[in-house]
Every structure is written in C-alpha cells, then in structure tokens.
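Summary of the model geometry
Each chain is listed here by its residues.
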Amino acid sequence: MKTQEIELKDLDSKKFIEQKIEEISSAVGDGLAINALSGGVDSSVVTMLAHKALGNKLKSYFIDTGLMRQDEPQKIVSWFKELSVHVEIFDAQKEFFDALKGLTDPEEKRDAITQTFYKDVFGRLVKESGAKHLLQGTNYTDIEETVAGVKRQHNILEQLGIDTQEQFGYKVIEPLIELRKPAIREIGRLTGLQEEIYQRPPFPGPALATRVIGEITLERVGLVRRATVIVEEELCDSGAFQYLAVLHEDRVTGMRDGKRDYGQQIEVRCWDSEDAATGSPTRLSYDTLEKLADRITNEVGGVVSVTYNITKKPPSTIEVI
Ligand code: XMP
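Keep in mind that this is a model prediction, so the values were computed, not measured. (Residues numbered from 1 in each chain as written. Predicted model: local features only at pLDDT ≥ 70, side-chain atom pairs only at ≥ 80, totals over all residues. Heavy atoms only, no water.)

Re the site of the ligand
Taken together, 16 residues lie around the ligand, and Glu-145, Lys-151, His-154, Lys-313 and Glu-319 are the ones closest in. Within the contact set of the ligand, a nitrogen atom lies 2.7 Å away from a side-chain nitrogen or oxygen of His-154. Between the ligand and Lys-313 there is a distance of 2.6 Å, counted from an oxygen atom to a side-chain nitrogen or oxygen. Expressed as a share of its isolated accessible area of 490 Å², the protein-covered part of the ligand is 93%. (Near = heavy atom within 4 Å. Polar contact = N/O pair within 3.5 Å; in protein donor to acceptor, adjacent residues only side chain to side chain. Areas by Shrake-Rupley, 256 points an atom, 1.4 Å probe, with all protein chains shown as cover.)

Shown next as structure tokens:
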C-alpha cells in the first residue's frame, strides 16, 4: 500500500496521537515490543507514543553503535528518566565496527549498518526479550528518498520488499510514516517531550557513519565526533535546521609549527530547510566561520583544513554518504 503524506496543515494532532496509541496497542496486543531510541526527534516521538500505548510492555533501548555523538547515551537515558521512561543502553560497538571494517562505498556502508541493526542487534534483542514487534521512527522523507533511489535510509525495509517477519523474526511498526519533520515535532510537543528533544536538529540513525567519507574506524569516528562537539556548540543558536561536521578521505598539505603537516580536512555543513527534502546552506557570518575554523584546527588534532559547504540540496544531500 502506498503511504499517503499527512501535511502539517491537515494534521489533527490530538486525533493522530489517539489513533496511533490505539493502533500500536492493538497491533502488539498482550505481547511485548521493543524500540530503539537514537536520540533523534523521530525515535524520541515514537518512544513517547509507544510508551503511552504499551507502558511496561515496551522495552526501549539505546543501541550504542560507537558512532554516536559525545556523551549521547548518558544524555538520552537521563532525559527520558525525567519522563519516567526507562531506556537501557545496549553496547554493540564491536559489532558495528567489525561490520564496517574495510568498507568505503557509501551504500555498502549503509547496508552494513542496516544489517547490523536489524539482523544482528534487534534480531538478538527480540529473541532474548520474546518481543514480536519493533517500533521505529521512519518518516515520510525517509521513504521518499529511498524509493526515489537517492540513498538507502538505514530504516527503510518494507518499501524495499524486505519481509521483516521472514528475514529477521519480528514485525515493524512505523507510527510516523505519514509525517514530515515539522509535523513530527508538533506531535512530540503534545506527547510531553521536553523542548530540547523535540526541537533538536535532526540526527540520522546511522549517526556519525553518515559523516565519515571513506573507511569508518574508531580513530576517524573519534575525530569527527570532536569536530561535531565544536560545530554544535558554535551553531546551536544559528536557527538552522541541521548542522554537521564531515571528515574527508583525502588529506591535504598544511603546516604546523613552521613544518609541513599532511593533515585531515573537516567540512562544515549548516542547512536551512523545512523537512530535509530540499535545503540551502545557512548564510553564516564570516566571524562564525572563522571561529569554527580556528577552534577545529586548534582543538581537533591532525586537522589542517576546514571548509564550508555552499551547495544547495539538490544537487547536494544533507549528509555526505
Ligand atoms: P539526506 O542526506 O538524504 O538526509 O539529504 C535527509 C535527512 O535524513 C537524515 N538521514 C537519515 N536518517 N537514517 C535516518 O534515520 C538514515 O539512514 C539517514 N540518512 C540521512 C539526514 O540527517 C537529514 O535530516
């Protein structure tokens, strides 16, 4: 069945929430369900809807892929604790890095992440917990891009003809599939999420893996993670839709202490957008750009070049892989 979008202007938020709670509750019945909370807006909203529908028949996990932002696991657990939602951290770092070892092609990296999430990690969690359903925050833009062949979003399964019951042993429930970001934020607000969560810039499920060009290693993820801290600190008041740091594969000649330093390049991207379907680079001030360059080259060891993306989406995309 083709999914129909519900636009923000046509959304009856209260009715939508009631309807989704009813649908989740009747799909899961007396069984158990699990959901993975990545800390992004979509999975946080799904956690709230599912928690309301299922109470302690829902187990929420934060999958620590080793690809997340600085201190993210602890931050998410404590935010949800304030909402009386217990989130368990599941350490899957080794599995993800093993699966990504040696891969450089963007779609192969995305596929490795999808398989590790759905087959290995959730497959095991479902088996151990006895759950029959997995809830996740797929949204309308995710499907649109995957179906159009732009890139394979990590959470798109059914639309690609994957029967999750047959391949992974559980059914997937996607309560937000008809909505885009502005509508999802509105639902988040009404479910009682803190503003710092529902207004967070979007963050992709495959996390920093979408921001490392070339092979994903512990060291390279560590580097982009440190640059991300700086980009988020400097741009959190910019009003932009999303901002990120990218680690390039090619190194460039720079200089440090008067000597040649063949170092790393970080690209900063900062987007104005409504729903990620299209976007334009935010017109940041030169002072802001200069501060970003100074901080990243001084605080992130090995970086000798910082660039700012000035290309719109399309033809660019928001993330680099
Ligand atoms: P792109 O890079 O396709 O990104 O312009 C559009 C929006 O989607 C996010 N994104 C993802 N989200 N799984 C997700 O959950 C993914 O595999 C994925 N790839 C990109 C991206 O951050 C942006 O907001």
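Re the state of the cysteines
In protein chemistry, a disulfide is the covalent bond that joins the sulfur atoms of two cysteines. Within the structure shown, the criterion is met by 0 disulfides. Here Cys-236 is not cross-linked by a disulfide; its sulfur's nearest cysteine counterpart is in Cys-270, at 11 Å. (Disulfide = S-S within 2.5 Å.)

Comments concerning the environment of Ala-131
In this structure, Ala-131 sits in the loop between helix H5 (106-129) and strand S4 (133-135). A relative accessible area of 5% means that Ala-131 is categorised as buried. Once the C-alpha coordinates of Ala-131 and Lys-59 are considered, the two residues, 72 residues apart in sequence, prove to be 8.9 Å apart. Setting aside residues no more than four positions away along its own chain, Ala-131 makes contact with Leu-32, Ala-33, Ile-34 and Val-126. (Helix = DSSP H or I, 4+ residues; strand = E, 2+ residues; numbered from the N terminus. Buried < 20%, exposed > 50% of the residue type's maximum accessible area, 1.4 Å probe, protein only. Contact = heavy atoms within 4.5 Å.)

Focus on the pairing of strand S2 (residues 58-64)
Within S2, 6 of the 7 residues are buried, leaving the element largely enclosed by the surrounding structure. In this structure, strand S1 (residues 33-36) lies alongside S2, joined through 4 bridges in parallel fashion. Counterpart to Asn-35 in the pairing with S2 is Ser-60. Remark: the S1/helix H2 (residues 41-54)/S2 crossover connection has right-handed handedness. Note: S2 against strand S3 (residues 87-91), 5 bridges, orientation parallel. Within S3, the residue paired with Ile-63 across the bridge is Phe-90. Once the chain exits S2 it traverses helix H3 (residues 72-82) before rejoining the sheet at S3, and the crossover so formed is right-handed. (Pairing = 2+ DSSP bridges. Right-handed = clockwise from strand over helix to strand, strands pointing away.)

Some words on the sheet that holds S3
A sheet is described by the order of its strands in space; here 5 strands give the open sequence S3-S2-S1-S4-S5, paired in parallel fashion. In this open sheet, the two edge strands, each paired with only one partner strand, are S3 and strand S5 (171-173). Mean inter-strand twist for the sheet, computed between neighbouring axes without regard to direction, equals 35°. (Axes fitted to C-alpha atoms, helices over the stretch in contact; angles between N-to-C directions.)

What about the packing of helix H10 (residues 218-235) against helix H11 (residues 286-299)?
As a packed pair, H10 and H11 sit with axes 10 Å apart at the nearest point and diverge in direction by 155°. By the angle between their axes, H10 is roughly antiparallel relative to H11. Note that H10 runs across H11; the crossing there is right-handed. Here Ala-227, Ile-230, Val-231, Glu-233, Glu-234 and Leu-235 of H10 lie close against H11, whose contacting residues are Thr-288, Lys-291, Leu-292, Arg-295, Ile-296 and Glu-299. Class assignment for the residues of the contact of H10 with H11 results in 6 nonpolar, 1 polar and 5 charged. (Parallel < 35°, antiparallel > 145°, perpendicular 65-115°, else oblique. Left-handed = near helix turned anticlockwise from the far one by under 90°. Nonpolar A, V, L, I, M, F, W, Y, C, P; charged D, E, K, R; others polar.)

Observations regarding the nonpolar core
Formed by 85 residues in total, the largest nonpolar core has its most connected members in Ile-63, Leu-67, Phe-80, Phe-122, Leu-135 and Ile-296. Setting aside residues up to four positions removed in sequence, Phe-122 forms contacts with Ile-34, Ala-36, Ile-63, Phe-117, Leu-134 and Tyr-170. Among the nonpolar cores identified, the runner-up in size contains 6 residues, and Phe-241, Val-246, Trp-271 and Ile-318 belong to it. (Core = buried A, V, L, I, M, F, W, Y, C linked by side-chain atoms within 4.5 Å.)

Here's the deal with the side chain of Ser-43
Within the secondary structure layout, Ser-43 lies in helix H2. Engagement of the side chain of Ser-43 in a polar contact is seen with the backbone nitrogen of Ser-38, the distance being 2.9 Å.

Some points on unusual backbone geometry
Most peptide bonds adopt trans geometry, and most residues besides glycine take a negative phi value. Cis geometry marks the peptide bond from Lys-313 to Pro-314, where omega comes out at -15°. Tracing the backbone through its elements, the reader meets Pro-314 in the segment after strand S10 (303-308). Cis geometry marks the peptide bond from Pro-314 to Pro-315; its omega dihedral reads 10°. One non-glycine residue with positive phi stands out, namely Ser-84, at about 60°. Looking at where Ser-84 falls in the secondary structure, it is placed in the loop between H3 and S3. Located in the positive-phi region is Ala-276, a residue other than glycine, with phi close to 75°. For Ala-276, the location among the structural elements is in the loop between strand S8 (259-272) and strand S9 (280-281).

Describing H3
An α-helical segment advances 3.6 residues per turn. Residues three or four places apart therefore align on the same side. Those residues of H3 not exposed but buried are Glu-72, Pro-73, Ile-76, Trp-79 and Phe-80. Here the buried residues of H3 occupy an arc of 135° about the axis, which is enough to place them on one side. Looking at H3, the residues exposed on the side facing more than 90 degrees away from the buried face are Gln-74, Lys-81 and Glu-82. As for H3, its buried residues are in contact with H2, S2, S3 and helix H9 (195-198). Of the residues one or two after H3, Ser-84 is the one with positive phi, at around 60°. (Arc of directions from axis to C-beta.)

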